[in-house]
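Structural characterization, general
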Amino acid sequence: MHVLVRGSWRRAAAIRPLCDGSWRRRSLHKSTETALNIQKSHYPSMELPQGNLVDLVFKNVSKWTNKTATECSVTGRSYTYEQLMEGVGRWGGLLAKLGVTKGDVVGIALPNCPEYPMILFGTLAVGATVTTINPVYTPEEISRQLSDSQAKLVVGDPQIETTLSEALRLYKCPTHLVINGPSSTHGSLNLQKILDDPTIPLVDPVKLTGEEIAVLPYSSGTTGPPKGVSVSHNALSANTVRFSHPDIFGVRPTTETQQEAFLCLMPFFHVYGIVVLTICGLYEGAKLLTLPKFDSNTYIDLIYQHQIQTLHLVPPILNFLINSPKATPETMSHVKRIACGAAPVHPSAARALREKINSDAFFHEGWGMTEVLIASLVPNRLEKIGTIGKLLPDVTAKVVSLTTGEALPAHQDGEICIKTPSMMSGYHNNPKATAETIDSEGWLHTGDVGHYDEEGFFKIVDRTKELIKVKAFQVSPSELEDVIRQHPDVLDVGVVGVQHDRLGEAPRAFVVAKDNLKPDDIHRFLESRVAEHKRLAGGVNFVEALPKNSTGKLLRKELAKMSADC
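In this text, all values refer to a predicted model and were calculated from it rather than measured experimentally. (Residues numbered from 1 in each chain as written. Predicted model: local features only at pLDDT ≥ 70, side-chain atom pairs only at ≥ 80, totals over all residues. Heavy atoms only, no water.)

Brief notes about helix α17 (residues 556-564)
Looking at α17, one finds that the buried residues are R556, L559 and S563. The buried residues of α17 occupy one face: seen down the axis, they fall within an arc of 55 degrees. Turned more than 90 degrees away from the buried face of α17, the exposed residues are K557, K561 and A564. Turning to α17, the residues buried within the fold contact α15 (477-484), β26 (490-500) and β27 (504-513). (Buried < 20%, exposed > 50% of the residue type's maximum accessible area, 1.4 Å probe, protein only. Helix = DSSP H or I, 4+ residues; strand = E, 2+ residues; numbered from the N terminus. Arc of directions from axis to C-beta. Contact = heavy atoms within 4.5 Å.)

Written out as structure tokens, the structure is:
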């Protein structure tokens, strides 16, 4: 029998207690303003762990080895924490066998599934980096990410093996392909067989400083095409211990008599899914109940059957619950807290859900972005609906004027700028974009416009960025424009976001075209080239010319005005 927890897994990071409860009495009603209008967290500073993230996440795993770690909500396939740890060690052993080592990149193109954490943490254990890939991407989109990250191995779902094979053909670099099941082409490795293969030795996590890059998700940031966001082990560790503290979020670690189940609908390739659900969930010993996609017929049934106490939502799912007749006080009776993020939540929607299910469940709204992970959250027992909460420990923020750059006092809107231990190291191989986002004083400019109040609660009211927020996903207008321009009958194009009842926002294209081009021609052109959420659900409008300045730069604000008049 293999030893589950070897010496390196037992090392516990020294984490000083966050507070003794007195911070509420000291600071709840005090002004947060400092001399320069720099806002510091109300929480005491924490001693943050360093080193390999794997050691931190599983430092208490011996307390819940026989508890379920991951379970598929569709097939029932599941793994205990003991089996999860063996899978992590086995996957790390395979990587070592294939020559994937510290600093190399492994791509994961999987829907949410029980094996996802094994691949994630097994890769991190050997010091390699994970780049998370949206499994609905087209071959062209996947190949661009593989090329930019220089991935040496890709793990994918059987249903997209053909897509991945085509992406690797476009990538043109020797790359191992592993499929989570039998290969349809008989040329790929089978992940299930790998995890069951006793001849592959288990490996311990390698020692790291923690500054090494752990994950490389791709984000458009405040503008432009997707860029690799370099997030270190230390950044993820800092986020984990701060977010998971009971005074902030309130989820309790697993014990012999109780274990929370997290309904994992938020995709694991997204910062919400990988950080809040996967990393923080396993750190607390929770059961991750994975959903490969949203199913309106079963979602509420799963909440009831698995006695979900913490709902992790985005606004479209919150609205679904408000409107679904299946969401009742009985089916939602176990819910104690509702966490909603990825996009702004209207206060009336939050109150409507609680009234409908006749619940006093605590409503947490938080804020973050791929570049800073989680920066603020409505603290446990200090609810303030309509805000994104208070800054997490060791986070500093300022709100700067959009015209002068001056740091503003309370209740004045400006761009929110952040300093945090969980901030990205920079954009991968893109110093220009990094310098445009992180200034010379170390402030990361978020592109979000908002303000703070006297109690230190922040609120976002707008965005300076050009990004279109389709559900929880970012869509870059410039990326879409580049693709549409490849149509032989398109002379010029501009893309903006428009309000959409179902999606929140949707892309709309204004196209300067040759004669006889129709909207359906553009829609068909995009089908094989971009993921569904990037398609033009906001419509296609043909125009004689686009609004531009004297240097030829597209005036997107003018385009938005044109869109409002349509």
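Concerning the nonpolar core
Judged by nonpolar contacts, the single largest core of 127 residues is most densely connected at W91, F121, Y299, L311, L313 and L321. Broken down by element, this core gets its largest block of residues, 10 residues, from helix α10 (residues 271-283). Not counting residues up to four positions away in its chain, the partners in contact with W91 are M118, I119, G122, T123, L153, V155, V178, L191 and I194. Counting residues in hydrophobic clusters, the runner-up holds 20 residues, among them L503, A506, L517 and F525. (Core = buried A, V, L, I, M, F, W, Y, C linked by side-chain atoms within 4.5 Å.)

Here we look at the sheet that holds strand β15 (residues 337-340)
Read across the open sheet, the 5 strands follow the order β14-β15-β16-β17-β18; overall the sheet is mixed. Every interior strand has two partners, whereas the edge strands, β14 (310-313) and β18 (390-391), have only one. Along the sheet, helix α13 (residues 347-356) makes contact with β14, β15 and β16 (362-369), crossing β16 at roughly 145 degrees. (Pairing = 2+ DSSP bridges. Axes fitted to C-alpha atoms, helices over the stretch in contact; angles between N-to-C directions.)

As for the packing of aromatic side chains
Summed over the entire model, instances satisfying the criterion amount to 9 aromatic pairs. Three or more aromatic residues joined by ring pairs make a cluster, and in this case those are F294, Y299 and F320. We note K227 situated over the ring of Y427; from NZ or CZ to the ring centre the distance is 5.2 Å. For R529, the ring lying beneath its charged end belongs to F525, and the centroid distance is 3.8 Å. (Phe/Tyr/Trp six-rings, centres within 6.5 Å; stacked < 30°, edge-to-face > 60°. Lys NZ or Arg CZ within 6 Å of the ring centre and 35° of its normal.)

Section: the state of the cysteines
Applying the stated criterion to the full structure yields 0 disulfides. In this structure C264 is a free cysteine whose sulfur lies 11 Å from that of C113, the closest cysteine sulfur available. The cysteine C280 is free of any disulfide, with C264 supplying the nearest cysteine sulfur at 12 Å. Its relative accessible area of 4% is what places C280 among the buried residues. (Disulfide = S-S within 2.5 Å.)

Describing the packing of helix α12 (residues 315-323) against α13
Orientation of α12 relative to α13, taken along the N-to-C sense of each, is 40 degrees, at an axis distance of 9 Å. Taken as axis vectors, α12 and α13 run oblique relative to one another. In this structure, α12 crosses over α13, and the sense of that crossing is left-handed. Along the contact surface, α12 presents L318, N319, L321, I322 and N323, while α13 presents A349, A350, A352, L353 and K356. A class-by-class count of the residues in the contact of α12 with α13 yields 7 nonpolar, 2 polar and 1 charged. (Parallel < 35°, antiparallel > 145°, perpendicular 65-115°, else oblique. Left-handed = near helix turned anticlockwise from the far one by under 90°. Nonpolar A, V, L, I, M, F, W, Y, C, P; charged D, E, K, R; others polar.)

Re the side chain of S149
Looking at where S149 falls in the secondary structure, it is placed in helix α6 (residues 139-149). A polar contact is formed between the side chain of S149 and the backbone oxygen of Q145, at a distance of 2.8 Å. Here L146 takes part through its backbone oxygen, which lies 3.4 Å from a polar atom of the side chain of S149. When neighbours within four sequence positions are excluded, S149 is seen to be in contact with V105, T131, L216, Y218 and H428. (Polar contact = N/O pair within 3.5 Å; in protein donor to acceptor, adjacent residues only side chain to side chain.)

So, the sheet that holds strand β13 (residues 287-290)
Strand order in the open sheet formed by 4 strands is β3-β2-β13-β12, and the pairing between neighbours is mixed. Looking at which strands have only one partner, the edges of the open sheet turn out to be β3 (78-80) and β12 (261-264). Geometrically, the sheet is characterised by an average inter-axis angle of 10 degrees between neighbouring strands, direction not taken into account. Contacting β2 (68-72) and β3, helix α4 (residues 81-98) runs over the sheet at an angle of about 95 degrees to β3.

Focus on the pattern of salt bridges
Scanning the entire structure with this criterion turns up 21 salt bridges. A salt bridge links K287 to E71; the shortest N-O distance between them is 3.7 Å. You can see K287 sitting in strand β13 and its partner E71 sitting in strand β2, a full 216 residues away along the chain. Exposure class is identical for K287 and E71. Each is buried. The closest approach of N and O atoms between R485 and D492, which form a salt bridge, is 3.7 Å. Exposure remark for R485: the relative accessible area of 37% places this residue in the partly exposed category. By relative accessible area, which is 16% here, D492 ends up buried. What you see here is one network of salt bridges that share partners, running through E141, R144, E479 and K534. (Salt bridge = Lys/Arg side-chain N within 4 Å of Asp/Glu carboxyl O.)

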